[in-house]
Amino acid sequence: MEPLKKYRKAGLEHFVKFVRDLPVPSPRQIFSRLEELGYRGQEEARRALALMAYRHVRRVRRIHLDGAKREHLLSKSNTLLIGPTGCGKTYLIELLFQQILRLPTVIIDITTYSETGYVGQDPSTILTRLLHAADDNPLLASIGIVCLDEFDKIASGQNNAVFAGAGTTKDVTGMGVQRELLKMLESIEIPVPLEYTHSDYAPKAVMTTQDVGFVACGAFSGLKGLIEQKGGEHIGFDRTPLSGEQERIAVSYTEDDVMLAHNFMSYGFLPELIGRFRRIVPFSALTREQLSLILRSTLLVQYTNEFQLEGKELVVAENVLDRVVEESLRKETGARALEASLMRYLEEAAFEAFSEPSAHRVSLGIREDRIVHDIS
């Protein structure tokens, strides 16, 4: 195991310069910058994450530049983002930490991990990913951001099996990963493999997580129905069936929904793990107006630019855009459905136009209730 001191001596100067050069926009400036970069909606969540990011950078600078003692400052704040698929959780992390603050940031699909690498990847290699994102400098990695995507998928609420030796043997369900994450989310020193490997003999470096910001994201499908049935559901013949609203994918959560740890415990999470997240931020399903704005100000601009680079003009009728928004609302997968629908309608037009050098204009419209294209 290689001590961190070796890396500190080699990378300290670069690390101090990196921290000194970190941008420190105000929370309001961060909020506005996100919108300038194309982020739409989720005002409350955006405010909460802008403040979290601001505090993270200020805390890092006070510790490493001003010499402030950690015990005199607020401890690091881990954050849990909850909301339906396609509502902008992961996209917010990408824009905020990778583009605006330019911190070492990794987005991890947590479903590929299992307890100590029994099946799948070892959770300790999460920090290996962060280390590589920081150019293999543990000092830089120690102030980075880890986004645990698909966090809800490690819930073990659907698996109530009890087996001999439970709690003492290796667990390939989500509960084992939860136990591994418990340690990582605390402010501890942890041996981090320098390579992606399951071998206990792989070279390691000691890295501290006391300044690493963890942000977990998940759709938590079914949590809304679980919350609404609390206190009113009975076992057996009196069981209340899920309503149509509870079965929906594009549900919105409130602060009250996410403030009680026992709701997450019922869903299949260790209460200690949920307690590691100081802030739980609910996201709302995107509205028709927000989807329309995203479509017109982001996706349509990107496709128009692509056609322009090919020497073509793209014109999409307003009623086509309205239909794309309506289809996205029915699919209940948020902004992802917008691109899927628009791409489907543009696919044939792009194929023909990009294959015909003499084509200069591509129009998308509705005739006889069908979306059709014209190339001229």
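Above: the structure in question.
Residues numbered from 1 in each chain as written. Predicted model: local features only at pLDDT ≥ 70, side-chain atom pairs only at ≥ 80, totals over all residues. Heavy atoms only, no water.

Trainee: Can you help me understand the pairing of strand S6 (residues 213-218) in this one?
Mentor: Remember that side chains alternate between the two faces of the sheet whenever the strand is regular. In terms of burial, S6 is largely enclosed, as six of its six residues are buried. Because side chains alternate across S6, one face comprises the buried residues Gly 213, Val 215 and Cys 217, and the other comprises Phe 214, Ala 216 and Gly 218, equally buried. Two elements, strand S1 (residues 79-82) and S6, share four bridges in a ladder whose sense is parallel. Residue pairing in the sheet places Ile 82 in a bridge with Gly 218 of S6. (Buried < 20%, exposed > 50% of the residue type's maximum accessible area, 1.4 Å probe, protein only. Helix = DSSP H or I, 4+ residues; strand = E, 2+ residues; numbered from the N terminus. Pairing = 2+ DSSP bridges.)

Trainee: For this particular structure, what's the right way to read the sheet that holds strand S10 (residues 370-375)?
Mentor: Working definition: the strands of a sheet are paired by backbone hydrogen bonds and lie parallel or antiparallel to each other. The three strands lie next to each other as S8-S9-S10, forming an open sheet whose pairing is mixed. Every interior strand has two partners, whereas the edge strands, strand S8 (313-316) and S10, have only one. For this sheet, the mean angle separating the axes of adjacent strands, direction not counted, is 20°. Contacting S8, strand S9 (361-367) and S10, helix H14 (residues 318-331) runs over the sheet at an angle of about 65° to S9. (Axes fitted to C-alpha atoms, helices over the stretch in contact; angles between N-to-C directions. Contact = heavy atoms within 4.5 Å.)

Trainee: How should I be thinking about a negative patch on the surface in this particular structure?
Mentor: On the surface, Glu 347, Glu 348, Glu 352 and Glu 356 cluster together into a patch of negative charge. With respect to the helices and strands, Glu 348 occurs in helix H15 (residues 335-355). Look at Glu 348 and you get partly exposed, because its relative accessible area is 43%. (Patch = residues over 30% accessible without salt bridge, like charges linked within 9 Å, V, L, I, M, F, W, Y side chains within 5 Å. Areas by Shrake-Rupley, 256 points an atom, 1.4 Å probe, with all protein chains shown as cover. Salt bridge = Lys/Arg side-chain N within 4 Å of Asp/Glu carboxyl O. Lys, Arg positive; Asp, Glu negative; His and termini not counted. Charge placed at Lys NZ, Arg CZ, Asp CG, Glu CD.)

Trainee: Quick question: what am I supposed to make of helix H13 (residues 288-309) here?
Mentor: For an α-helix the count is 3.6 residues per turn, leaving residues at separations of three or four pointing the same way. In this model H13 runs 30 Å from its N-terminal to its C-terminal C-alpha over 22 residues, within 8% of the 32 Å that 1.5 Å per residue would give. Turning to H13, its buried residues number three or more, namely Gln 290, Leu 291, Ser 292, Ile 294, Leu 295, Thr 298, Leu 299, Leu 300, Tyr 303, Thr 304 and Phe 307. Where the residues of H13 are buried, they touch helix H3 (43-64), S8, H14, H15 and S9. A positive backbone phi angle near 80° is found at Gly 311, which sits one or two residues after H13. (Expected span 1.5 Å × (residues − 1).)

Trainee: It is not clear to me how the packing of aromatic side chains should be interpreted in this structure. Could you clarify?
Mentor: Taken as a whole and assessed by the stated rule, the structure comprises eight aromatic pairs. Seen in terms of ring centroids, Tyr 39 and Tyr 91 are 5.9 Å apart; in terms of plane orientation they differ by 25°. Their pairing is stacked. One end of the pair, Tyr 39, is in the loop between helix H2 (27-36) and H3; the other, Tyr 91, is in helix H4 (residues 89-100), and 52 residues separate them in sequence. We classify Tyr 91 as partly exposed; its relative accessible area is 35%. Ring geometry for Tyr 267 versus Phe 269: centroids 6.4 Å apart, planes at 10°, classification stacked. For the pair Tyr 267 and Phe 269, one class covers both residues: buried. Aromatic ring contacts, followed pair by pair, group Phe 151, Phe 220, Phe 264, Tyr 267, Phe 269 and Phe 277 into a single cluster. Across from the ring centre of Phe 31, 4.1 Å away, lies the NZ or CZ of Arg 46, which sits over that ring. Positioned above the aromatic ring of Tyr 345 is the side chain of Arg 344, whose terminal nitrogen or guanidinium carbon lies 4.6 Å from the ring centre. (Phe/Tyr/Trp six-rings, centres within 6.5 Å; stacked < 30°, edge-to-face > 60°. Lys NZ or Arg CZ within 6 Å of the ring centre and 35° of its normal.)

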